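Spelled out from the first residue to the last, the chains are:
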Amino acid sequence: MIFSAYQVIFFFFIYAFLGWCTEVIYAAVNSGKFVNRGFLNGPYCPIYGFGVVAVVLCIYPIKDNLPALFFGSVILTTLLEFITGFVLEKIFNEKWWDYSDEHFNIKGYICLKFSLMWGLACIIVIRVIHPLIIKFVDFVPHIVGIIIISILSAGILSDIIITVFAIMKIKKNIRLIQSISDEMKNISDFTGEKIYDKVNTLMEKNEEYKEKISETHQHLEELKEKYKSIIESKGIVNRRIENAFPKLKINTRKSLRELIEEIKSNRE
């Protein structure tokens, strides 16, 4: 069966939404609360849209051959997941999901457990769900479908732009926090190595050290305030990404006390 470009695009948005629903349900079962899963802010996961469309285009003609349908789905979805994880890490220098704790994984991008799950899920989609989706798409008047696709395309494009800028802001804040951490460590080193052991004696004998200690303390307070303002300035998108990808290594949710203790331990 050959599908038109109109149908394929419609399929993409439908399965992106259904994939988002699946992720939300999975997260709710595991965490007991609602989590807006997915790379983007809207109710869609593009990787599901691309994955199912790839399976539909490549494997739908052999849907009656169950073994071929299963293994073909496993190969296609696993390849897509690996490429997506690899590309996202190369672009953002961060791993968005990590299967390293699962058996038979490859670089944490894919694992046997989820690959087999995708294969079984695709059988259900192709055999049960997709025939209904075809009927729905054909039922929608063509002009109405074009309008829906246009609105959704504009929305997802805007969402991509907003999300990418939010992620870049997070990474910028991470670099700034790291520079503050380094500077605080330098202050800690200076204070610990040059002043602490003899602070009482030096304060009595030399006003210069009093002034230096005062300046150091003031600078440290300024760094604390700067760190606090960065942590409190996170926007809605930043917080959503942290909740959606708890294993993502761009989380800035670290208290100032933890940061200072970390610096002290590094010094020791």
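Residues numbered from 1 in each chain as written. Predicted model: local features only at pLDDT ≥ 70, side-chain atom pairs only at ≥ 80, totals over all residues. Heavy atoms only, no water.

### A closer look at the overall build of the protein
Helices and strands together make up the secondary structure of the protein, namely 9 helices and 2 strands. Listed by position from the N terminus, the elements making up the protein come as α-α-α-β-β-α-α-α-α-α-α. Buried positions account for 38% of the 268 residues belonging to the protein. Relative to all contacts within the protein whose residues are 6 or more apart in sequence, the contacts with residues 24 or more apart total 72%. (Helix = DSSP H or I, 4+ residues; strand = E, 2+ residues; numbered from the N terminus. Buried < 20%, exposed > 50% of the residue type's maximum accessible area, 1.4 Å probe, protein only. Contact = heavy atoms within 4.5 Å.)

### Description of helix α1 (residues 5-31)
Counted at 1.5 Å a residue, the expected span for α1 with its 27 residues is 39 Å, and the 39 Å between its end C-alpha atoms agrees. Note on α1: the residue one or two positions beyond its end, G32, has a positive phi of about 75°. (Expected span 1.5 Å × (residues − 1).)

### Some words on helix α2 (residues 46-59)
Look at α2: 19 Å from first C-alpha to last across 14 residues, which is about the 20 Å you get at 1.5 Å a residue. By the burial criterion, the buried members of α2 are P46, Y48, G49, G51, V52, V53, V55, V56 and I59.

### Description of the environment of P46
Inspection of the secondary structure assignment puts P46 in helix α2. Along the primary structure P46 and F12 are separated by 34 residues, whereas in three dimensions their C-alpha atoms are 7.7 Å apart. Aside from chain neighbours lying at most four places away, what touches P46 is F12, A16, L40 and I156.

### A short note on the packing of aromatic side chains
Aromatic ring pairs: the centre-centre distance and the angle between the two ring planes describe each pair. Per the stated rule, a full pass over the model turns up 13 aromatic pairs. Judged by centre distance (4.8 Å) and plane angle (15°), the rings of Y99 and F114 are stacked. Residue Y99 is found in the loop between α3 (66-92) and β1 (105-106), and its partner F114 is found in helix α4 (residues 112-139); the two are separated by 15 residues along the sequence. Aromatic rings pair up to connect Y48, Y99, F114 and W118 into one cluster. When the ring centre of Y60 is taken as reference, the NZ or CZ atom of K63 above it lies at 5.6 Å. The side chain of K95 reaches across the aromatic face of Y109, ending 4.9 Å from its centre. (Phe/Tyr/Trp six-rings, centres within 6.5 Å; stacked < 30°, edge-to-face > 60°. Lys NZ or Arg CZ within 6 Å of the ring centre and 35° of its normal.)

### Some remarks on a nonpolar patch on the surface
Together, I143, V144, I146, I147, I148, I151 and L152 make up an exposed nonpolar region whose accessible area comes to about 580 Å². Using a relative accessible area of 47% as the deciding quantity, one classes I147 as partly exposed. (Patch = residues over 30% accessible without salt bridge, like charges linked within 9 Å, V, L, I, M, F, W, Y side chains within 5 Å. Areas by Shrake-Rupley, 256 points an atom, 1.4 Å probe, with all protein chains shown as cover. Salt bridge = Lys/Arg side-chain N within 4 Å of Asp/Glu carboxyl O.)

### Overview of the side chain of D159
Within the element layout of this structure, D159 appears in helix α5 (residues 142-195). Taking the relative accessible area as the measure of exposure, D159 reaches 6% and is therefore buried. In this structure D159 touches L40, N41, G42 and Y44, once residues within four positions along its chain are discounted.

### Remarks on the nonpolar core
Within the largest apolar cluster, 31 residues are counted, with the highest numbers of intra-cluster contacts made by F3, F10, F11 and V137. Secondary-structure elements contributing two or more residues to this core are α1, α2, α3, α4 and α5. Per-element accounting of this core gives the leading share, 9 residues, to α1. When near neighbours in sequence (up to four residues on either side) are disregarded, F11 contacts F3, V53, H130, I133, I134 and V137. The next biggest cluster of nonpolar side chains, apart from the first, holds 13 residues, and it includes W20, C45, Y99 and F114. (Core = buried A, V, L, I, M, F, W, Y, C linked by side-chain atoms within 4.5 Å.)

### A closer look at the confidence of the model for the protein
Per-residue pLDDT for the protein averages 77, and the proportion of residues at 70 or more is 64%. Under a pLDDT of 50 for its full length, residues 250-256 has, in the predicted model, 22 contacts with residues more than four places off or in other chains. (pLDDT = per-residue confidence, 0-100.)

### Section: the pattern of salt bridges
Taken as a whole and judged by the stated rule, the model has 2 salt bridges. Across the pair K63 and D64 runs a salt bridge whose closest N-O atoms are separated by 3.6 Å. Between E102 and K113 there is a salt bridge; the shortest N-O distance is 3.9 Å. Taken together, the residues E102 in the loop between α3 and β1 and K113 in helix α4 connect sequence positions 11 residues apart.

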